[in-house]
Structures are given as structure tokens and as C-alpha cells.
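Each chain, letter by letter, is given below.
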Amino acid sequence: MACLLEAPLRISVLSEVTATSRHYVDRLFDPDPQKVLQGVIDMKNAVIGNNKQKANLIVLGAVPRLLYLLQQSSSSLELRTECAVVLGSLAMGTENNIKSLVDCHIIPALLQGLLCPELIFIEVCLRCLRTVFISPVTPVQLLYTDPTVIPHLMSLLSRSQRTQEYITQIFSHCCKTPEHQTVLFNHGAIQNIAPLLISPSYKVRMQALKCFSVLAYENTQVSMTLVNVLVDGELLSQVFVRMMQRDQPIEMQLTAAKCLTYMCRAGAIRTDDSCVVLKTLPCLVRMCSKEHLLEERVEGAETLAYLMEPDVELQRIASTTDHLVAMLADYFKYPSSVSAITDIKRLDHDLKHAHELRQAAFKLYASLGSNDEDIRKKITETENMMDRIVSGLSESSIKVRLAAVRCLHSLSRSVQQLRTSFHDHAVWRPLMKLLQNAPDEVLVMASSTLCNLLLEFSPSKEPILESGVIELLCSLTQSDSPALRVNGIWALMNMAFQAEQKVKVEIVRSLGTEQLFRLLSDPDSNVLMKTLGLLRNLLSTRPHIDQIMSSHGKQIMQAVTLILEAEHSIEVKEQTLCILANIADGNTAKELIMTNDDMLQKIKYYMGHSNVKLQLAATFCISNLIWNEEDGSQERQDKLREMGFVDILHKLTQASDPNLCDSPLFCVCLSKGINESAWVSLL
Amino acid sequence: MAELGAGSLSLGDPAFNYQEHELNERLKRLYPAVNEEETPLPRSWSPKDKYSYIGLSQNNLRVHYKGHGKNHKDAASVRATHPIPAACGIYYFEVKIVSKGRDGYMGIGLSAQGVNMNRLPGWDKHSYGYHGDDGHSFCSSGTGQPYGPTFTTGDVIGCCVNLINNTCFYTKNGISLGVAFTDLPPNLYPTVGLQTPGEIVDANFGQQPFVFDIEDYMSEWRAKIHGMIARFPIGERLGEWQSVLQNMVSSYLVHHGYCATATAFARATETIIQEEQTSIKNRQRIQKLVLAGRVGEAIDATQHLYPGLLEHNPNLLFMLKCRQFVEMVNGTDSEVRCLTIRSPKSQDSYPGSPSLSPRHGASNTHLHTGADSPTCSNGVTPPNKSKSHSGTGSSSIKYPSVSSSASSSTSSSPSSVNYSESNSSDSTKSQPHSANSTQETSLSLNFRRNQTHVTRSSNHDSEMEIEAEHYTNGVVEGSSARIMNGTYKHEEILQPDDNSIDEGCTNGRQLCGGNQAATERMIHFGRELQALNEQLGREYGKNATHKKMLQDAFSLLAYSDPWNCPVGQQLDPTQRESLCSALNSAILESQNLPKQPPLMLALGQATECVQLMARVRSGSCSFARVDNFLH
């Protein structure tokens, strides 16, 4: 019963509300233009700050009528202006409001309005457009559909401070792709906006600055142009430096630092320039400090990570600046235990930013530790750092997981850390879990980290092997992504290095010769190299060589022939010749070469190759074949002598004469412990 | 400081002078709140406050190690000449490592006076250091904490002391390394310590530009503190504050007698002025008179309008009279001026007196009772008074040309004759003029007086401008017109004697306007003043200030040109200002109004407070300067 009673009541309230709203809309259709104007003004006053009223009016169809009035040339300027004001007010409401407005084609209508000569009308149109475009629900492409819009907006920049503020704000929100950057750049965005950086209005300066930050992001053309721009006789970079002064608003400091960061990353400013080392970097480090807003700290850390990513010197400087490494530890303390009890609002805020903070910190740690061993040590020694990474690897947010694994990868480049903290914290476990089911970008990072964990000296290698990693890696080699294929085969290569026979057998079995040979013809040279590396690692120590060659000898010899005959880089050929040399080291495997005249001819060819590396590898191969102390060495020597290897060896020794000791060949022989008698007998 | 230096630069060296100049400029810019007379800034290492293993050179800026350097027992430190003043707010110095020597065991930091110098900074209580060999920070302890990178030859290490939150951070090659120490005690000295042979470091206390942008760091703190002041929470009392501020402005305007502005302000802010308009105008008029040098009239007016005021302030009265005497010498006081002006027009301009003499006569009984009120009450002065009356007019006999103003005068006092004789050198000098044409001299004096007025009004532009209307409209019409339109009136007066202006002008100033009668009157007045002083001495005990004042005033007569004598400063019109405000304050106090405008009180309090902050070592005073808020 209660329900029945309540329902009509609610309807009546709604109808009452819509009735008053209806009245506003009805007045827009009055035949008397004066009354229409008054109606619009009343509507304006009714909607300000009233989201419900806004929604009602939209539902009741006020928007098309307002747009009609706005576009009607018979409407008075005042009416058109008031219409735009009301529309702007409606746009200030919820995202749904914006969607409705966009659906009603408000954008073309307002853009059309910008052609009006009256400044006041242009300003309200721009204001409304600004509100619509800064909403995430508006497709930015709408700004670029009509090619005349951007140039017209550029020309309006000189009209007033308001047009400057709104237009630059629109630009900075609608410049999302390199194409957008190019369009704006080609229409003179830089020349038109640069003078606004010294505008007396803070808002204009700020929006202009934001514009430059989005224009310069990963854009060499823009960045290169920016460095040469003068604003009132001052270089733009100096203007940015001034905007980073510590008494400026944080937003301005941060955005100016972004501009310089992007210009630096695009190669327009050197990384050792004082405006980077002494200004931008310290400014960004400051942004990471506790006293700033969480959003600012996130942005600061991300920008800093981006700035120093490729430059070890900047990484070193940042690592000593203002205790940055320790400062970042604070990023993991949200939501703090205090906020949970005392302040619900704060808790909510903290929760919302907690993920962002963590991922930003991981990113920054990753960047800091990507090159310098001391910095990595400092990072892993930070309170609970490894635990944080480990738990970060299994967080629900993909962003955090990715950043955590990036951080782990960066730290995994350290032999020392692999041996100590990585093992102590069993990081392989969450890492393996992460590999089971993750998007490609996470997989790339995770598998790359795994490669390092599988290095011979890593104590994690054993437990990883036991966890059935081989299957997983083999499946990675079948991925469509070259990066994943490389990482898969790379990890297998590392795993096979000086491995026990059963591991090697397991790898070959699991991978399958078919897949192995498919990889040998992989279009990605990295994959090829690592596959050859895997082969080489598999074919080490005599029993292993003989065993593998006895089962797969034919295919391997075939693949080697193919590679040596095809067009490949020196490195690939060298690696292949090394495989051959390993085969020549086997007891029974030797025969696969000795019985293959074609192969011997190839070796002979490479001994006479102009590239020393290839000469060495080929000679290495021969020296293994003629090894004195082995069975049948005499016969092999004879055969090789017959085939004319003596001449080529003579040439080699003569080339390196009179100082045989200095010749690379001799060095190789010595290093292999080859007794000279073998050579002598051959010669 | 320079003479202590054993380095290549000497005091006369232009390079050194340049460096010294740059140092002074930089220190002034960085630490504007520091009063170096109270708390000098460190400018070099102290040759006295160091261990013997330390050698100094290059104007005591370069430090080198000259011990054995076997172990930590051979460590040696040196302190700067002075501790860091708290008023710096933020203090910074840099040290460049010229050579790391054998092992690079160098410590840079701070220590209090008396800390053992046979140690590196940081090892002992009240000693703090950052060491180059391991990059550790030492906070009053033999064991360091990991702090920053190591440093070595070629590095520039900076040390910044934040006296606002009592922390310290270091910089390396212009990069901040983060906070090293907190809760620092006050009065620390910049300190460096070395331990192995070959170690050499150079200090930069501001002689050169710093590698680290310290001014940028300071600007952040300045902004912080200004923000703190600007955002000072006033909570519920917003409205209250507004009315307080309005009252402050209003009372300031009233205090200084900016009548129209005050009324307009009150109307706009809907506030009420405590004092009546006429009262404001009266005070204004009296102030005008004092500022114009017409102290006698001011005294008369005060006694007329505020009977009993001066009786209760014998000191003030004495000061006024002293000033009156000085103004007589100056020739500006009405008692002497009236003798030198003979144009009826100028007399007309005196308010409330149909002619000069009746004015004296008529107002005398009343005014003089007031003026001499302290003496009156004792019943001693009356004879004096009558004397003075006769003296006032006495000069006119000798100068019949001076018409109506002199008419009431009787006989000249013998003393004045004596005086002019004793000052024969003076009189002879001025004789040609006074003899030839008294008119001219008097006119020239008049002219000069008006000139003085012009300068005064330009000094006090705003005051005068604002009042202009009132005067012409208002109460003290005559006299105000004189003041404001002096030049114009003067021209009128001068018209018949046009040709003599130049001569009069170039002639310069003369005692009492060069008028004999006036001089006599002045001498007479001087005697009265002397008597008054004696009487005050009897009643209230000897007053050294009065004695000095009197001496100074009388000393004027000892010089042929009082304006260019060692005590001539007294004749400067600006000297009237303090007296003027004292009188104004006294009047206000007598009306139960604040003797100082609350605005000035607040300003003074704030300034004093900031100075106090410096003394109690609160560093934020450096960035909370009152001038920063006065635009």
C-alpha cells in the first residue's frame, strides 16, 4: 500500500517541477521578441547553479530552440548573446548535459557564431565552447572537422584577454595526437600564442603555457621551433624558467617544467643545459614533496621520470636531490591510517589518488634505477621497497602493475640485486603469476624481467625452472608481438646457458624443432640472434653436442647452411659460425661437418672473409676440427689439407706476420689451448 | 677585516674594493632585515677562532690544512668572524673544494662559539657538518648518517640555514640535497674543518654569485610568509575587522585634521567621527600656525580654544615658547613680524582683529593669561606681561613709517638697545639696509617668509592641498589665505616697491627680519623665557632638556648669520613639525582622544614587533617586513 501511495506523489512533484521548467521553455516561443529575450534572461537566472533545472530544460527541448534563436539572423544581438550564456550555463552541469548539447550540434552552431563581428557575442560563444570542449565526453575531433575553424580561432586571439583565455584553453584540451599538434603548428600556434606568455592576465599566461606543453609533447618539430622563439626579446626557455620560480603558483611551475621537459626529450635542449639541470629537474623534484597536492605529486613524479629516462647523469643528479628516493617512499602511504578515521572526505580523496601515486612512484623509481648500480642499491634499501614492488605486481590496477614491473625490470639489471634482494623476496613468484594472464604491455615488461632473473648467476633461476616456466616461454615465442617473441627466446637462451642436460632436452622438446626453425627464419633479426644464441648455448659441452646433434643434426645443419647462404648481418653470421665451431667440438658431431664438403667450403670462404670477426669464427671452427689429441684428427687434417685450407692458413699467418703473437688468430688458438703441433702438422 | 688578510689582495687594491663592494651589495640584497651594527654578517674566516693546523689566505677566505694529518686527532676547524644573525631569515654560504688533498676528509657546516676547533664540524655538541669522504651528515655526533653524495676537488658545496624553521640543507654544485639538520640552536657560525695535508677550500660569503639559486629559495619563503599573513584567520570577526580598519583610517584623517577627507570617508563608510568638526578645524588651524612659524599666535589660539591645556603642560608651553623665540630670530613669529609689516592688508588678514594693536590689547588679557598661564597662577608674570606689551610696540617709535601697527606702542626697552649695541658687528652689517629702507628689508623678509611657505607646502603637498578649500571657505579664512596665497598677497603688498624686490631678495635673511624693534622685542621675550625657565626650575626641579633648549635658542644670537651657524638647524621650518604634532597630541589628549592616531600606533607596533622578532631570533622577521606592506 505504501508503495502505491508514494508513487503518485512522486509523479506529482516531478510534474510540478517540469511545469515550471515548461513555462521557461514555452516563453522561448513567444511571438514577441522582447518577451523571448526576457524569457531567456529569466531562464539564465533560473539555471545558474541548479543542475536539476538544467537537466529539466534539456529534457524539455530548450536546447534546439536556444540554438535556433542563437543562429537566427533576425534575433537581436542581445538575445543571441543571452542564448549563448544560457547554453554555456547548461554546459556547466553534468556530463550528460554536455552529451545532450553535443548531440544537438551545439559545436558547429557556436563555431558559426564566432564569425559574428561583435566581440561580446564571440566571447560568450567561446566561453561556451570552452566549457564543452574541456569535458572528457566531447570528441575533440569536432574542432578539426571544419578546416577553417583553427585559422579563425588564431585570428580571434588578438581580440581580447577573454578570447585568449578561452581559445588557448580549447587548444590545450583538444590537442591530443601528433596530427592535432601539426594542425595547430601549421596554423601558427607558436607565433600566435607565445606573446600571451607575458600577458598581464594570469589565466591567459597559464592557458598559453598549457598549450605549449601539449604542443611540445613528443614533438620534435614544435620543440625545435620553440627554442628559437623570442618573447619580448627573451628566449622562450628563459620565460619558462621564470615561470618556474619558487614564488610562482605551483600549477605554473609544474606546467613550465613540463614544457622544458618535453623540449629536452625532443632534443631541443641538451640534458646538461643549466635550465634543465639547475631549474627543471629541481623544480620537478620539489613537486614530489609532501607539501603539495596529490595530483601535483603524481604529475611531478611522472614528468621527472620522463625527463631523466634516457640520461644517466640526470638520474644521478635526481637521486641526490632533496632525498628524492626517500621522499618517494611516502607515495605508498595513502590512504594513511589517520585519514581513515578522522576524515571521510580525505579518505575518499586519498583512495582516489592512491593508485596514481603508487604507479607514479614506481615509474620514477624505474627511471632512476635504469642505469646506475648505486642508485638501484639506494632504491632497494628504501624502507619496504621490495615488498611494495611485490605487492604492486598483484594490484588490481593495471597501471600500477605495469609500473611495478617496470620498476622491477629496471632493478633487475643489477647483478647484485638479482643475487640478493630479488632472491630474498622471491619476486619471481608474483612475476610468474603476472605472466599467466596479462595484457601485452605488462607481458613484455614481465618477460623481459624474467630474462634477467633466468641469468646463470641468478639464484631465482632454479625455482623458476621448477615452476614450469619453459612451457610459458615457448608459448611466448609464438606470440604475434616481436617484443614478446624476443623476450621468450631470450629467456630460453639465458636458461640454456651452462644448463644441465635435462633442462636442454626439456627446452628442445618443449619448443619443438619446428618452432625452433621457424624462429630461425623470423623477420625480426633480434629474434634470430637470440635463437642462434639459444642454439649455441644448447650446443655446449661435448656430450650435449653429440646428443643433440644425433637427434637434430640434420635440421640444424640445414638451418646453418641456410643462414650462411642468406643475406644477414655480420653478427648473425658470426653467431652461426660459432654454432658450427661448437658442433666441430663434438666427438661424433664433427663428422656432420667433415662429411659435408659444401659446409667446409663455406668455412673456407669465411676464413678468407674481409671481416676479422668472421675469419676468427671460421678459423675457430677449423681448429676444433684439427684438434690433435682426438681420434681421427690425422684424417681430418689430411682432408682439410687436400681442400686447400693450408693456403688460406698461410695467408692468414702471413697477413699477421711477422708478429704471430699479435695476430688475433694466434690469440684465439692460445685461448682455446690449442697446441701448436696441430697447426704445424696442418701447415 | 682586510688588514688581517695575508692574501694577494690588499685594501687599496681595486679588485679587492670591487669585490668588497659586490659583497656589500649582495649582502644588503639578501639580508635586508639585518642590522649590521647590532649583528654583523659573516664575511670571512676568523684568524683568531681557528685551530693552529689551519692556514688562512686570500683575505681570510681560503682555508688550507697545515698539520700532519695522521688521524682524526689532527683534525682542525675554523669559524667565520660572526655568527649568523637570525634576521637573515634564510642564510647561505658556499665553499669550493680547491683541492681534496690526501684523503679529502673535509667537513662543511656550522658550530656554536666555543666548540673545540681540533675537530671536524659535526662531531661535537652544537656542531653540524657534511663530510666529503663519505657524504654523511654529522649532527653533534661522532657517527654520521648517510646524507648525500661524496664531494671532492672542483665541487661547490653550499650550506643554507633556514632560521624560520631552524633547519639546514646543503647543496652540491647548485643542487639542493635536502634537509640535513633540524632544530638547530641559534647563533651558529659557518665552519669548515680539514684533516689531511693538501686540503684547500675557498669560502664564498657573498663575494661572488652563488652557484645555487638562493634568491629563488628565499622568494618561496617570502611568498609563504606573506601568504600566511594575508590568510591570517580572522574567522567570525570579519565585520568587526572591517570597522576596525575603517576607524583606523578615519581616526588618522581626523588626527591630522584632514577635515573634508575625513567627512567624505565617514559618509562613504557610514562611520561616525568622534570629534566635532569645529574641533578638528581648530586643531588644524593651530597646527597651521605652528607650521608657519607663527608660534605666538598658536599659543594664543591654543589658550583661547583650550583653556588650561598649556597650564597643565608647562613643558609643552616652554617648548612652544622656545620655539617662538627661535621663530622670532627667524622673523616669522607674528610678534616680530607685525613690526616689520606695515601694509594694512596684511593686518586685515589677521582674524578677529580689526587692527593689530587692538588685537593685542583686546585679546591680550585673555590670550596672555593663557599663554603665561603657569606663571599667571603664581602671580609672578603680570609685570612681565605688561613689559612685554610695551616692548611689542616699542620699535615703532623709531620707525614712524610703520603705521598703524606701531600706534599702540609706547617706549623702547633699554635692554634691546643694549643688545643692538653689543651686537654692533651685526647691526653694522645690516645697517645699510635697515637704515636705507626698512620697508625693503621688511618686505624682503616677508617675501622670504612666503617662500618658506611655498617650500613647506610642497613638502607637505597632500596636507596643504586638501586643506586649501577649507581655509578659503572656512573658519580661519584670513590667515589661511595668507598661507595658501602668500605669494599672491605678497605681490599685492609689494606692488609699490616693485623695484626693490631683487635687492631685498638677494640680501638674504636677517635677524628678526632686520627690524630693530622686533629685535628688541625678541630680546625682551628672551628674558621672559629665561625667567620662565627659572621659574619652572624652581617649581619642578632643574630640567636639563629645557636648559639645553634655551641655550641652543639663545646661541643663535651669537652668530652673525644664525642660518649658517652650528645651531642654525633650529631655524629650519621642518623643526616645527615635531612640536606641531606634540601640541596636536596634547590637545587631543585633553579632549580625551588618542594622542596618536591608532594607525600610526599599529604601524609602530608592527615595526617594533618585527625588530623584536629579530632579537628573539625568529627568522621569519626577515620576510615579514612592514615596508613590504606599505605601498
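Conventions and cut-offs
- Residues numbered from 1 in each chain as written.
- Chains lettered and ligands numbered in written order.
- Predicted model: local features only at pLDDT ≥ 70, side-chain atom pairs only at ≥ 80, totals over all residues.
- Heavy atoms only, no water.
- Helix = DSSP H or I, 4+ residues; strand = E, 2+ residues; numbered from the N terminus.
- Buried < 20%, exposed > 50% of the residue type's maximum accessible area, 1.4 Å probe, protein only.
- Contact = heavy atoms within 4.5 Å.
- Pairing = 2+ DSSP bridges.
- Salt bridge = Lys/Arg side-chain N within 4 Å of Asp/Glu carboxyl O.
- Polar contact = N/O pair within 3.5 Å; in protein donor to acceptor, adjacent residues only side chain to side chain.
- Patch = residues over 30% accessible without salt bridge, like charges linked within 9 Å, V, L, I, M, F, W, Y side chains within 5 Å.
- Areas by Shrake-Rupley, 256 points an atom, 1.4 Å probe, with all protein chains shown as cover.
- UniProt positions renumbered as here; feature names shortened; annotations may be inferred.
- pLDDT = per-residue confidence, 0-100.
- Core = buried A, V, L, I, M, F, W, Y, C linked by side-chain atoms within 4.5 Å.
- Axes fitted to C-alpha atoms, helices over the stretch in contact; angles between N-to-C directions.
- Parallel < 35°, antiparallel > 145°, perpendicular 65-115°, else oblique.
- Left-handed = near helix turned anticlockwise from the far one by under 90°.
- Nonpolar A, V, L, I, M, F, W, Y, C, P; charged D, E, K, R; others polar.
- Phe/Tyr/Trp six-rings, centres within 6.5 Å; stacked < 30°, edge-to-face > 60°.
- Lys NZ or Arg CZ within 6 Å of the ring centre and 35° of its normal.

## Notes on the overall build of chain B
Within chain B, the secondary structure is distributed over 23 helices and 14 strands. Considering chain B as a whole, with its 631 residues, one finds that 53% of them fall into the buried category. Counting contacts in chain B only where the partners sit at least 6 residues apart, residues at least 24 apart contribute 68% of the total.

## A few points about the pairing of strand β13 (residues 189-194) of chain B
All names here are of chain B. Of all six residues in β13, six are buried, a share of seventy percent or more. Residues Tyr189, Thr191 and Gly193 point to one face of β13 and Pro190, Val192 and Leu194 to the other, with burial holding for every one of them. Direction of pairing for strand β4 (residues 76-80) relative to β13: antiparallel, over a ladder of four bridges. Note that in β13 the partner of Ala76 across the bridge is Leu194.

## Digging into the interface of chain A and chain B
Every contact between the two is made by 14 residues of chain A and, on the other side, 17 residues of chain B. On inspection of chain A and its partner chain B, the count reaches four salt bridges. As a salt-bridge pair, Asp216 of chain B and Lys279 of chain A come within 3.8 Å of each other at their nearest N and O atoms. Linking chain A with chain B are seven residue pairs in polar contact (both at pLDDT 80 or more). Those elements giving two or more residues to the side of chain A that touches chain B turn out to be α17 (274-287) and α19 (312-320) of chain A. For the side of chain A that touches chain B, the leading source of residues is α17 of chain A, giving five residues.

## Section: a nonpolar patch on the surface
Residues and elements named next belong to chain B. A contiguous nonpolar patch, built from Met228, Ile229 and Phe629 and spanning about 290 Å² of accessible area, is present on the exposed surface. Mapped onto the elements of the fold, Met228 is located in helix α2 (residues 214-230). The class for Met228 is exposed, based on a relative accessible area of 54%.

## Some words on the UniProt feature "domain: B30.2/SPRY" (unreviewed entry) in chain B
Within this numbering scheme, the UniProt entry marks residues 23-210 of chain B as carrying the feature "domain: B30.2/SPRY" (unreviewed entry). Here residues 23-210 of chain B runs as 4% helix and 41% strand, with 11 Å between its end C-alpha atoms.

## A few points about the confidence of the model for chain B
Residue and element names in this part refer to chain B. Within chain B, residue pLDDT values average 73, and 69% of them lie at 70 or more. Note on residues 1-9: pLDDT is under 50 here. Beyond four places in sequence and across chains, it has 19 contacts. Segment residues 342-507: pLDDT under 50, and 230 contacts once partners within four positions in sequence are set aside and those in other chains are kept. ipTM for the predicted complex: 0.79, alongside a pTM of 0.72.

## Thoughts on the nonpolar core
Grouped together as the largest cluster of nonpolar side chains are 237 residues, with contacts concentrated most on Phe240, Leu580 and Ile593 of chain A. Among all residues touching Leu580 of chain A, those that are not within four sequence positions of it are Met557, Val560, Leu564, Ile593, Met599, Ile603 and Cys621 of chain A. One finds Leu56, Ala112, Phe623 and Ala624 of chain B within the second-largest nonpolar core, a separate group that totals 66 residues.

## With respect to the UniProt feature "repeat: ARM" (unreviewed entry) in chain A
All names here are of chain A. UniProt feature "repeat: ARM" (unreviewed entry): in the numbering of this structure it lies at residues 61-97 and 511-553. Within the segment residues 61-97, helix and strand shares are 76% and 0% respectively, and the terminal C-alpha atoms sit 12 Å apart. With 81% helix and 0% strand, the stretch residues 511-553 has end C-alpha atoms that lie 16 Å from each other.

## Structural notes on the environment of Leu317 of chain B
Residue and element names in this part refer to chain B. Inspection of the secondary structure assignment puts Leu317 in helix α7 (residues 314-330). Residue Leu317 is classed as buried on the basis of its relative accessible area of 1%. Considering only alpha carbons, one finds Leu317 and Leu557, 240 residues apart in sequence, at a separation of 22 Å.

## Brief notes about the packing of helix α2 (residues 33-47) of chain A against helix α5 (residues 77-91) of chain A
Helix-helix packing: each pair is described by the crossing angle between the helix axes and the interaxial distance. Residues and elements named next belong to chain A. At their nearest, the axes of α2 and α5 sit 9 Å apart, and the two run at 25 degrees to each other. Taken together, the axes of α2 and α5 are roughly parallel relative to one another. Considering how the two elements wind past one another, α2 and α5 form a crossing that is left-handed. Across the interface between the two elements, Val36, Leu37, Val40, Ile41, Met43, Lys44 and Val47 from α2 touch Glu78, Leu79, Glu82, Cys83, Val85, Val86, Ser89 and Leu90 from α5. The residue makeup of the contact of α2 with α5, split by class, is eleven nonpolar, one polar and three charged.

## Re the pattern of salt bridges
Following the criterion strictly, the structure yields 47 salt bridges over all chains and no others. Taking the shortest distance from any N to any O, the salt bridge between Arg509 of chain A and Glu506 of chain A comes out at 2.9 Å. In this pair, Arg509 of chain A and Glu506 of chain A both sit in helix α33 (residues 501-511), three residues apart, roughly one turn of the helix. What makes Glu506 of chain A partly exposed here is its relative accessible area of 28%. Three or more residues joined by partner-sharing salt bridges are found here, namely Arg246 and Glu291 of chain A together with Glu220 and Lys224 of chain B.

## Details of the packing of aromatic side chains
A ring pair, where both rings are aromatic, is described by two values, the distance of the centres and the angle of the planes. Per the stated rule, a full pass over the model turns up 23 aromatic pairs over all chains. With a centroid separation of 6.4 Å and an interplanar angle of 40 degrees, the aromatic rings of Tyr91 of chain B and Phe93 of chain B are classed as tilted. The burial state of Tyr91 of chain B is the same as that of Phe93 of chain B; both residues are buried. Site record: aromatic cluster; members linked through ring pairs are Tyr128, Tyr130, Tyr147, Phe151, Tyr170 and Phe181 of chain B. The cationic tip of Lys530 of chain A hangs over the ring face of Trp490 of chain A; the distance from NZ or CZ to the ring centre is 4.2 Å.

## Comments concerning the sheet that holds strand β12 (residues 175-181) of chain B
Residue and element names in this part refer to chain B. Across the sheet, which stays open at both edges, the seven strands sit in the order β2-β3-β14-β5-β10-β11-β12 with antiparallel pairing between neighbours. Every other strand in the sheet has two partners, leaving β2 (54-57) and β12 as the edge strands with one partner each. Here the strands of the sheet are splayed against their neighbours by 25 degrees on average, with no regard to which way each runs. Sheet topology places strand β3 (residues 62-65) next to strand β14 (residues 199-204); three bridges connect them, and they run antiparallel. When the sheet's bridge partners are listed, His64 is paired in β14 with Ile200. Strands β5 (90-100), β10 (156-162) and β11 (167-172) of the sheet are contacted by α2, whose axis makes an angle of about 155 degrees with β5.

## Structural notes on the side chain of Arg297 of chain A
All names here are of chain A. When you line up the elements, Arg297 lands in helix α18 (residues 294-308). A distance of 2.8 Å separates polar atoms of two side chains, one belonging to Arg297 and the other to Asp330. In this structure, Arg297 is in contact with Met287, Cys288, Ser289, Lys290, His292, Asp330, Tyr331, Tyr334 and Leu357, ignoring residues within four places of it in sequence.

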